[in-house]
Amino acid sequence: MRFFVHFDIDAFYAQVEQLRNPELRGKPVAVGGNSLTRSVVAAASYEAREYGIKAGMPVFQAKKLCPHCIFISPDFRLYETYSLKFYKLLYRYSPDVEVLSQDEAFVELTHCRLLYPDFVEAARRIRREVSRELGLRVSAGAGSSKIVAKLATSRAKPDGFLHIPPDRELEFLESFALEDIPGIGRRTAAALKRLGITSIPDLRQISPHKIRRFLGKRGEDLYLMMLGKDFSRIEPPQKPKSISRGYTLEKNIHTLKEAIPHIIYLCDSVATELRKEGGKATRACLRIRWEDFSEVSRCVSVFPPFSDFFTLYHQVRKMAEGLISGYGIRLLSVEVSGIYYEPTPTLFKFREEELMTALDRIRERYGFPAISFASEARKKNEGVFVFKSTRRVLSR
Ligand code: DCP
Ligand code: MG
């Protein structure tokens, strides 16, 4: 029988802020952008949640629900240091670690029987030790599959631990609504509904072949998982499939001239991350959210594969020229995808490549903001909520 433990830090960003500033402890705290009118809540302390504040909610709405809630601008670099510490700690207990997000990971103990004769006791101990060393409350769930462990954590929150014994797993799974199951989005739930399935026990009435016909292989995997047959394993660290950066602007902008410094910053940030991951991209996309919240995106294929700022900027700028025409812009985002990780042979180094290497070295030593393009400095209007996303290749 396999044994998985799932860990998830409680109210991650908000807790880090409460740890850094003891005056915030025990109080409603929400971390969001620095503009009270335009950004969204990234994390809410459990005290703030009592007022109905949750992640993804616009800050102005959260402020209405709880006027004395303390709003804090995010400090992504600080959260990143806690993330790295968290991952490192978990690897101390088992080599089988799968990182899911900044504050969430699976640890499989199956192959560490000699170290941990009693898995459940070990899981409890690991949670306590990780929590103590980080100084943050961490919740954990355990079971014989990843899905059971993850769902157990959701029931253990905040600051708890829940183990589901093998003979209780089916009953436990059936206690969840379909839309609470990770991997079942709105679209999958709607597709299941069309097949007459509105709850997990309903799944028993349908054959795996029928599910596969309607929802494909992923649907079939989900189906088996819900019937207690989750065969998925710990996935080794994966390389990202796409890398994007974007933000909502503090004030709407209208012209290409105003957009260029932001585009420079976003392209520089994406290309730097791409080089850090050791990849070369073949596709570049620009996404714009207009003032009426409608969105447009444009993508181009690029050959040969690139990882330098200049190629990306050239492509994104061309797309921006074709799209920007005086209408108010609220959000800008740049993404690269179609990433290759095989070394591509180069006969000689271009000057641009040498420049990129020098840039990376400076930033490795002094941090990303240490150096930037001069025209980026013309960015008068700041981006208020940087979202950083590095979508990883997920294979089962
Ligand atoms: N996050 C974000 N935007 C969101 C959701 C999350 O920026 N819409 C960030 C802030 C969170 C962190 O990711 O602190 C971890 O996300 P979780 O979903 O684990 O949420 P929390 O850790 O805040 O709360 P909890 O895990 O206790 O539910
Ligand atoms: Mg969390």
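Here the structure is a predicted model, which means the values were calculated and not measured. All residue numbers here refer to positions counted from 1 along the written sequence of the relevant chain. Following the order in which they are written, the chains are lettered starting with A and the ligands numbered starting with 1. Local features in this predicted model are restricted to residues of pLDDT 70 or higher, and side-chain atom pairs are both shown and tallied only at a pLDDT of 80 or more, whereas totals for entire chains, interfaces and linings draw on every residue. Side-chain metrics in this entry use all non-hydrogen atoms of the structure; hydrogen atoms and water are not considered.

Some words on the coordination of the magnesium ion (ligand 2)
Item 1. For Na, K and Ca the donor cutoff is 3.2 Å, while for all other metals N, O and S atoms count as donors only within 2.8 Å; water does not appear among the atoms, so some sites may look incomplete. Ligation of the magnesium ion (ligand 2) by protein atoms is provided by Asp8 (OD), Ile9 (O) and Asp103 (OD), these donors lying 2.0 to 2.2 Å from the ion.
Item 2. Only four donors with every angle between 85 and 135 degrees are called tetrahedral; only four or six donors with opposite donors over 155 degrees apart and all others between 65 and 115 are called square planar or octahedral, in that order; all others are irregular. Viewed at the metal, the 6 donor atoms of the magnesium ion (ligand 2) are separated by angles of 81 to 176 degrees, and the geometry they form is octahedral.
Item 3. When the donor residues of the magnesium ion (ligand 2) are listed from N- to C-terminus, their spacing reads D-I-x93-D. Taken together, the residues span a long stretch of sequence, with isoleucine 9 in strand β1 (residues 4-9) and aspartate 103 in the loop between β5 (97-101) and β6 (104-108) at a distance of 94 residues.
Item 4. Judged by its relative accessible area of 12%, aspartate 103 is buried. Runs of H or I in DSSP of at least four residues are treated as helices and runs of E of at least two as strands, each being numbered from the N terminus. The cut-offs for exposure are 20% and 50% of the maximum accessible area for each residue type, with area from a 1.4 Å probe on protein chains only; residues under the lower value are buried, those over the upper are exposed, and the others partly exposed.

Regarding the state of the cysteines
Item 1. Only a pair of cysteine sulfur atoms within 2.5 Å counts as a disulfide in this structure description. Evaluation of the coordinates by the stated rule reveals 1 disulfide.
Item 2. Residue pairing for cysteine 285: its cysteine sulfur links by disulfide to cysteine 299, the two sulfurs lying 2.1 Å apart. Here the S-S torsion is close to 110 degrees, and the disulfide linking cysteine 285 with cysteine 299 is therefore right-handed. Of the two residues, cysteine 285 is situated in strand β10 (residues 281-290) and cysteine 299 in strand β11 (residues 295-306); the sequence distance between them amounts to 14 residues.
Item 3. By relative accessible area, which is 8% here, cysteine 285 ends up buried.

Quick look at the pattern of salt bridges
Item 1. The salt bridge definition used is simple: a Lys or Arg side-chain nitrogen within 4 Å of an Asp or Glu carboxyl oxygen. For the structure shown, the criterion picks out 21 salt bridges.
Item 2. Aspartate 75 is the salt-bridge partner of arginine 20, the closest N and O atoms lying 3.2 Å from each other. Of the two residues, arginine 20 is situated in helix α1 (residues 12-20) and aspartate 75 in the loop between β4 (70-72) and α4 (76-91); the sequence distance between them amounts to 55 residues.
Item 3. Given the relative accessible area of 45%, arginine 20 is considered partly exposed.
Item 4. Here glutamate 277 makes a salt bridge to lysine 239, at a shortest N to O gap of 3.6 Å.

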